[in-house]
Amino acid sequence: MSIARVLSIAGSASQGSAGIQADLKTFQEFDVYGMSAITAIVANNSTTDQGIFTQPLASVEAQVYASLEHVGVDALKTGMLFTEEIITRTAELIKESGVENVVVDPVMIGKMGSQLLKDEAIETLVKELLPVAKIVTPNLHEAARMLECPVPETPEDMKVLARDLHSLGPEYVLIKGGALKDYPAVDMLYDGKGITELESERVDTVHTSGAGCTYSAAITAELAKGKSVEEAVRRAKSFVTSAIRHALSFDRGIGSTYHAAHRKKA
Ligand code: PXL
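For the structure given in this document, a descriptive report is provided here. These numbers come from a predicted model, not from an experiment. (Residues numbered from 1 in each chain as written. Predicted model: local features only at pLDDT ≥ 70, side-chain atom pairs only at ≥ 80, totals over all residues. Heavy atoms only, no water.)

Helix α6 (residues 155-166) packs onto helix α5 (residues 140-147) with a crossing angle of 50 degrees between their chain directions and a minimal axis gap of 10 Å. Relative to α6, the element α5 is oriented oblique. Of the two possible hands of crossing, α5 and α6 adopt the one that is left-handed. Counted together, Leu140, Ala143, Ala144, Met146 and Leu147 of α5 and Met158, Leu161, Asp164 and Leu165 of α6 form the full contact between these two elements. (Axes fitted to C-alpha atoms, helices over the stretch in contact; angles between N-to-C directions. Helix = DSSP H or I, 4+ residues; strand = E, 2+ residues; numbered from the N terminus. Parallel < 35°, antiparallel > 145°, perpendicular 65-115°, else oblique. Left-handed = near helix turned anticlockwise from the far one by under 90°. Contact = heavy atoms within 4.5 Å.)

Right, dumping it as structure tokens:
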């Protein structure tokens, strides 16, 4: 039996909502074969901060090779990369691998407040990773930081930033407008020619940890199956909206998106 194979190069979020944990849960829901290369272990949640433990470069490399050599990779995503050296090596490994379905989720600050990318590494991410991306999936804050401009406040502002980010090298740009106050949850997808607006209801909840990871993991899974970028993004948005609608609060602090929510009848 053949199955689409996907790799996530990202951080481990020990409390289970985001990072590698969200990615693998999402991959499973999309029935693709999930693999991981862990860049750092984030042992934080919204009420305690136990620390971030970075993996040595040799460990990240070995994990990527383990997936590439033993199984093969149809699509991959990057999440938390944390340091300039991990970003640089990841970009090299991606080029060397020949994988074309590359989803870059430029995570910078987690919903639980952890810093997931060092400030001085943003420039490296822009220069080295955006050019190898099939699609980059920033939220409003991340888009603004990459372009060193103010955070977009309207859907029109988002369109301008989508075009500006495209000129930095990715084939597609998806700017997520979940944080745009007073608007529905609208995302802008730009392919270098035109903008596609993807709108969904706004779900009123604070329990959204893992939403971005889940969204980009779902896009990766659909690309691995051979879907077009637009189709992959549409399916992923519907999946993540339902994961947010049925979020799990665990009765303290910020809770988690629920990755198996789509199995429930609305
Ligand atoms: O949601 C962003 C994110 C990504 N990766 C890791 C995280 C988080 C948020 O907490 O811990 C490892």
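This brings us to the pairing of strand β4 (residues 75-78). On β4, burial covers both faces: Ala75 and Lys77 on one face and Leu76 and Thr78 on the other are all buried. Taken together, the four bridges between strand β1 (residues 5-13) and β4 define a ladder with parallel strand orientation. Residue pairing in the sheet places Val6 in a bridge with Ala75 of β4. Alignment of β4 against strand β5 (residues 101-104), held across four bridges, turns out to be parallel. When the bridges of β5 are listed, Ala75 appears paired with Asn101. Handedness of the crossover joining β4 and β5 through helix α3 (residues 84-97) is recorded here as right-handed. (Buried < 20%, exposed > 50% of the residue type's maximum accessible area, 1.4 Å probe, protein only. Pairing = 2+ DSSP bridges. Right-handed = clockwise from strand over helix to strand, strands pointing away.)

Our next topic: the packing of helix α7 (residues 211-224) against helix α8 (residues 229-245). As a packed pair, α7 and α8 sit with axes 8 Å apart at the nearest point and diverge in direction by 145 degrees. Both α7 and α8 take part in a crossing whose hand is right-handed. Contacts from Ala211, Thr214, Tyr215, Ala218, Ile219, Glu222 and Leu223 in α7 reach Val229, Ala232, Val233, Arg235, Ala236, Lys237, Phe239, Val240 and Ile244 in α8. Of the residues that constitute the contact of α7 with α8, the class distribution is 12 nonpolar, one polar and three charged. (Nonpolar A, V, L, I, M, F, W, Y, C, P; charged D, E, K, R; others polar.)

For the rest of this paragraph, the subject is the site of the ligand. Around the ligand sit Gly11, Ser12, Ala13, Ala18, Gly19, Val42, Met80, Gly110, Leu116 and Cys213, and that is every residue in its neighbourhood. Calculation on the ligand without its partners gives an accessible area of 310 Å², and the protein chains cover 95% of this total. Take the shell around the ligand: its biggest share by element is three residues, from β1. Looking at the shell around the ligand residue by residue, the classes come out as six nonpolar, four polar and no charged. (Near = heavy atom within 4 Å. Areas by Shrake-Rupley, 256 points an atom, 1.4 Å probe, with all protein chains shown as cover.)

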